[in-house]
Amino acid sequence: SELATRAIGSSRLVVDLTAGLGRDALTLAATGRCVLMFERNPSLHALLEDALVRLQHHQPMLRQRLHLFPRPVDSTHLPTLLSAVRDSITTTATAPQLNWEQGQKVLREMGSFAVFLDPMYPTAPDERTAKSRKETQILHLLTRTTEPRYSADKPGAIAEEESSLFRAACALHSLGATKIVVKRGRKDRALLVGAGSGGDIQFPLESSERIVGSTQRFDVY
């Protein structure tokens, strides 16, 4: 969407740590950006792999700008994540489908990329006033029993998950991340982060910028 594009700004390389069904990654790739996707849920990862195969047949040029890490990755496990992002950027730059000029462009962009997070809205689909989008319902059905970030009946787990995701995104600064973009519902609270010795105190994190639409909001950090 135009909102996501505005939030990402001039960054030509985007690391999507919560790829889900790939809608946001596809939108950003359609604007000419290179998107590296990471998804930890095996079912969603398999759906993304299938979607990319089909996209190769219909829009090969667009497919070249979308890169899914070859196995599910838990974004909250920092050593694994840092290694996966580093490997993904390098592999993308040297991929057979990219020519030398495209590969060099990706390598240059290693020094400046945006991180995209969609922890999902903190309210479950059946609790929202408006009917949820079909893909949101699919995400909840696929992951509700195993993924805290998709379940609204575990508020403590959601807060812990959001805090872990944001710490993971911040850790990518060591690889060149210059901004973090978080997708939220228009009226939803800001991302929660933990404080205190055990992270047991949760508070909303104020963003440096907000891009607000009719139903969605993008908080920029």
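What you see is a predicted model; the values in this text were computed from it and never measured.

*Asks:* Which parts of the structure should I look at to understand the overall build of the protein?
*Replies:* A tally of regular secondary structure across the protein gives 8 helices and 9 strands. Split into buried and exposed, the 221 residues of the protein put 51% on the buried side. Intrachain contacts of the protein at a sequence separation of at least 6 include 67% that bridge at least 24 residues. For the protein, the computed accessible surface area is about 10800 Å², with 55% contributed by carbon and sulfur atoms.

*Asks:* Would you explain a nonpolar patch on the surface in this entry?
*Replies:* A cluster of nonpolar side chains, Leu21, Leu47, Ile138 and Leu142, forms an exposed patch at the surface whose accessible area comes to about 280 Å². With respect to the secondary-structure elements, Leu47 resides in helix α3 (residues 42–58).

*Asks:* Just checking my understanding: could you explain the confidence of the model for the protein for this structure?
*Replies:* The predicted coordinates should not be examined in detail at positions where pLDDT is low. For the protein, mean pLDDT is 79; residues scoring 70 or higher make up 71% of the total. Looking over the protein, one finds the lowest element-wise mean pLDDT in helix α6 (residues 100–109), namely 59, and the highest in helix α2 (residues 23–29), namely 95. Residue range residues 123–131 is modelled with pLDDT below 50. Its contacts to residues more than four positions away, or to other chains, number 15 contacts.

*Asks:* So what exactly am I meant to see when it comes to the nonpolar core here?
*Replies:* A general tendency of soluble globular proteins is for nonpolar side chains to be buried together. Formed by 31 residues in total, the largest nonpolar core has its most connected members in Leu17, Phe38, Phe113 and Leu172. Beyond its immediate sequence surroundings of up to four residues, Leu172 is in contact with Val15, Leu17, Leu81, Leu82, Val85, Phe113, Val115 and Ala177. Formed by 23 residues, the second largest nonpolar core is a distinct cluster that contains Leu3, Ala7, Ala19 and Met37.

*Asks:* I would appreciate a short explanation of the layout of surface pockets in the present structure.
*Replies:* To find the voids left in a structure, one rolls a probe of water-molecule size over its atoms. Put simply, the second largest pocket is a space of about 430 Å³. If you trace the second largest pocket, you find 18 residues lining it, with Leu21, Gly22, Leu26, Ala51 and Arg54 closest to the centre. Every element with two or more residues in the lining of the second largest pocket is listed here: α2, α3 and α7 (134–143). A total of 8 residues in the lining of the second largest pocket trace back to one element, the largest contributor, which is α3.

*Asks:* Explain the pattern of salt bridges here, please?
*Replies:* Note on pairing: side chains with opposite charge can pair once their charged atoms come close. Per the counting criterion, the structure on display carries 7 salt bridges. Between Asp74 and Arg40 there is a salt bridge, with the nearest N and O atoms lying 3.1 Å from each other. Pair noted here: Asp74 is in the loop between β3 (66–68) and α5 (78–93) and Arg40 is in the loop between β2 (34–37) and α3, with a separation of 34 residues, a long-range link. The exposure class of Arg40 is buried, given its relative accessible area of 18%. Through salt bridges with shared partners, one network takes in Glu162, Arg184 and Arg189.

*Asks:* Please clarify how the environment of Thr215 should be interpreted in this entry.
*Replies:* Looking at the element boundaries, Thr215 is found in the loop between β8 (209–212) and β9 (216–220). Sequence-wise, Thr215 and Arg186 are 29 residues apart; in three dimensions their C-alpha atoms are separated by 5.0 Å. Filtering out sequence-adjacent residues up to four positions away, Thr215 remains in contact with Gly185 and Arg186.

*Asks:* Is there a simple way to explain the pairing of strand β4 (residues 113–117) in this structure?
*Replies:* Regular strands have side chains that alternate between both faces of the sheet. The element β4 is extensively covered by neighbouring structure, given that 5 of its 5 residues are classed as buried. Burial along β4 is two-sided: Phe113, Val115 and Leu117 facing one way and Ala114 and Phe116 facing the other are all buried. As judged from the 5 bridges shared by β4 and strand β5 (residues 177–185), these two strands associate in the parallel manner. If you follow Phe113 over to β5, its bridge partner there is Ala177.

*Asks:* What is the right way to look at the sheet that holds β8 in this model?
*Replies:* Hydrogen bonds between backbone atoms are what pair the strands of a sheet, whose relative direction is either parallel or antiparallel. The strand order across the open sheet formed by 7 strands is β3-β2-β1-β4-β5-β9-β8, and the pairing between neighbours is mixed. Strands with a single pairing partner mark the edges of an open sheet, and in this sheet they are β3 and β8. Each adjacent strand pair in this sheet contributes to an overall mean axis angle of 20°, direction not counted. Bridging between strand β1 (residues 13–16) and β4 involves 3 bridges; their strand directions are parallel. From the neighbouring strand, Val14 faces β4, where its bridge partner is Ala114.

Quick notes on the rules
Residues numbered from 1 in each chain as written. Predicted model: local features only at pLDDT ≥ 70, side-chain atom pairs only at ≥ 80, totals over all residues. Heavy atoms only, no water. Helix = DSSP H or I, 4+ residues; strand = E, 2+ residues; numbered from the N terminus. Buried < 20%, exposed > 50% of the residue type's maximum accessible area, 1.4 Å probe, protein only. Contact = heavy atoms within 4.5 Å. Areas by Shrake-Rupley, 256 points an atom, 1.4 Å probe, with all protein chains shown as cover. Patch = residues over 30% accessible without salt bridge, like charges linked within 9 Å, V, L, I, M, F, W, Y side chains within 5 Å. Salt bridge = Lys/Arg side-chain N within 4 Å of Asp/Glu carboxyl O. pLDDT = per-residue confidence, 0-100. Core = buried A, V, L, I, M, F, W, Y, C linked by side-chain atoms within 4.5 Å. 1 Å grid on protein atoms, 1.4 Å probe; cavity = no way out; pocket = protein on both sides within 12 Å on 5 of 7 lines; lining within 4 Å. Points joined across faces, edges and corners; volume = space filled by probe spheres on them. Pairing = 2+ DSSP bridges. Axes fitted to C-alpha atoms, helices over the stretch in contact; angles between N-to-C directions.

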